[in-house]
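Inside the fold
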Amino acid sequence: MKFSEVKEVGIPGVVSPQNKCEDINCPFHGTLRVRGMVDEGILVKYRAKNMGVVEREYLFYNSKYKRYEKRRSKIHAHIPPCLDVKEGDKVIIGETRQLAKSVSFVVVGKR
C-alpha cells in the first residue's frame, strides 16, 4: 500500500483527515487495523511524541447499594501526526494491536 492513499477506518461518524502523514501506525495512511472496542474520552496529556493519555468516564453498577456510580479510567493511545488534536479535545479511540507496553489504542478522530 502506498502512503498517499487514504483508507476508511470503518467506524461510523469518523471522517478521514485532510493532512497526509508517513506514519506506519496510522489507521488512515499506514497499515494499522482498528478492531475491537471503540470509545470516546477527553485527551488529558499530549506531551510524548505521537502518544497521549485519554480519560474516559463510565457508569458502574454497585449491587450493594443498588445504584450506579461514576468512574474514570485513563488509557494510553497513539496519536497519528495527520490528526490535529490538542489537550482538552474530545476524541474517539479504537482498539488495535499492542504498539507498546501500555499502548493498545489509537485516536481515530475528534468529536
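Not measured: the values here are computed from a predicted model.

Rules used throughout
Residues numbered from 1 in each chain as written. Predicted model: local features only at pLDDT ≥ 70, side-chain atom pairs only at ≥ 80, totals over all residues. Heavy atoms only, no water. Helix = DSSP H or I, 4+ residues; strand = E, 2+ residues; numbered from the N terminus. Polar contact = N/O pair within 3.5 Å; in protein donor to acceptor, adjacent residues only side chain to side chain. Pairing = 2+ DSSP bridges.

This paragraph deals with the side chain of Asn25. Within the fold, Asn25 resides in the segment before strand S1 (38-48). A polar side-chain atom of Asn25 sits 3.3 Å from a polar atom in the side chain of Arg97.

This brings us to the pairing of S1. Alignment of S1 against strand S4 (residues 90-95), held across 5 bridges, turns out to be antiparallel. For Asp39, the partnering residue across the bridge sits in S4 and is Ile93. Two strands pair when backbone bridges link them, and S1 and strand S2 (residues 51-62) are joined in this way by 4 bridges, in the antiparallel orientation. Of the residues in S2, the one forming a bridge with Lys45 is Val53.

Here 5 bridges tie S4 to strand S5 (residues 103-110), and the two strands are oriented antiparallel to one another. Of the residues in S5, the one forming a bridge with Ile93 is Val107.

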